[in-house]
Amino acid sequence: MFYILWQFDVDDARAAAFAEAYGPAGSWEALFRQGEGFRGTEVFRRTAAPARFLTLDCWVSRDAYEAFRRERATDYAVLDAACEALTTSETFLAAWEA
């Protein structure tokens, strides 16, 4: 399995919209589901303010993830730009294989 961990800081006023976009029924999950080998995303929210979220994306392999990124590069960029207003910062934390 291949995992990707991101951290997002979000204004409290946009926390619900962020959780909707990045959650299991959200636009990111819908895009990722178009990639062969996607296994799901988990979203974690810090309970203290300001809101901080972690997302953990799971793919069957690094190759599956990289193929998805090549095949859906434009869709990924469009969605990323659309969701940019939901966050105050976005930090890639790690990617690892298990």
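The text that follows walks through the structure, step by step, so that each part is easy to find. (Residues numbered from 1 in each chain as written. Predicted model: local features only at pLDDT ≥ 70, side-chain atom pairs only at ≥ 80, totals over all residues. Heavy atoms only, no water.)

1. A closer look at the packing of aromatic side chains
Stated formally: A pair of Phe, Tyr and Trp rings is counted when the ring centres sit within 6.5 Å of each other, with Trp represented by its six-membered ring. The angle between the planes then sorts it: under 30 degrees is stacked, over 60 is edge-to-face, the rest tilted. Here's how the labels work: a residue is buried when its accessible area is under 20% of the maximum for its type, exposed when over 50%, partly exposed in between, all with a 1.4 Å probe on protein chains only. To qualify as a helix, a DSSP run of H or I must reach at least 4 residues; to qualify as a strand, a run of E must reach at least 2; elements of each kind are numbered from the N terminus.
Scanning all chains against the criterion turns up 18 aromatic pairs. Consider the rings of F32 and F38, whose centres lie 5.4 Å apart with planes at 55°: the pair is tilted. Comparing F32 with F38, the two get one shared label, buried. Consider the rings of F32 and F68, whose centres lie 5.5 Å apart with planes at 85°: the pair is edge-to-face. On the criterion of sequence distance, the pair formed by F32 in helix 2 (residues 27-32) and F68 in helix 3 (residues 62-71) is long-range, its members being 36 residues apart. Residue F32 shares its accessibility class with F68, and that shared class is buried.

2. Looking at the sheet that holds strand 2 (residues 38-45)
Worth spelling out the cut-off: Should DSSP find at least two bridges between two strands, the strands are regarded as paired. For helices, the fitted axis covers only the stretch in contact; all axes are lines through C-alpha atoms, and the angles between them, taken along N-to-C directions, range from 0 to 180 degrees. Working rule for contacts: check all heavy atoms of both residues, and any pair within 4.5 Å makes them a contact.
Overall, antiparallel pairing links the 4 strands, which are arranged 2-3-1-4 in an open sheet. The open sheet is flanked by strand 2 and strand 4 (89-97), the only strands paired with a single partner. Along the sheet, successive strands turn relative to each other by an average axial angle of 15°, direction set aside. Alignment of strand 1 (residues 2-10) against strand 3 (residues 51-59), held across 9 bridges, turns out to be antiparallel. By the bridge assignment, L5 is partnered in strand 3 with L56. Across the sheet, helix 1 (residues 15-22) is in contact with strand 1, strand 2 and strand 3; its angle to strand 3 comes to roughly 0°.

3. A closer look at the pattern of salt bridges
Opposite charge on two side chains permits pairing when their charged atoms draw close. We apply this condition: A pair is scored as a salt bridge if a Lys or Arg side-chain nitrogen falls within 4 Å of a carboxyl oxygen belonging to Asp or Glu.
With the rule as written, the count across this model stands at 5 salt bridges. Close ionic contact of D9 with R52 constitutes a salt bridge, the shortest N to O distance being 2.5 Å. Within this pair, whereas D9 is found in strand 1, its partner R52 is found in strand 3, the two being separated by 43 residues in sequence. Residue R52 is classed as partly exposed on the basis of its relative accessible area, which comes to 27%.

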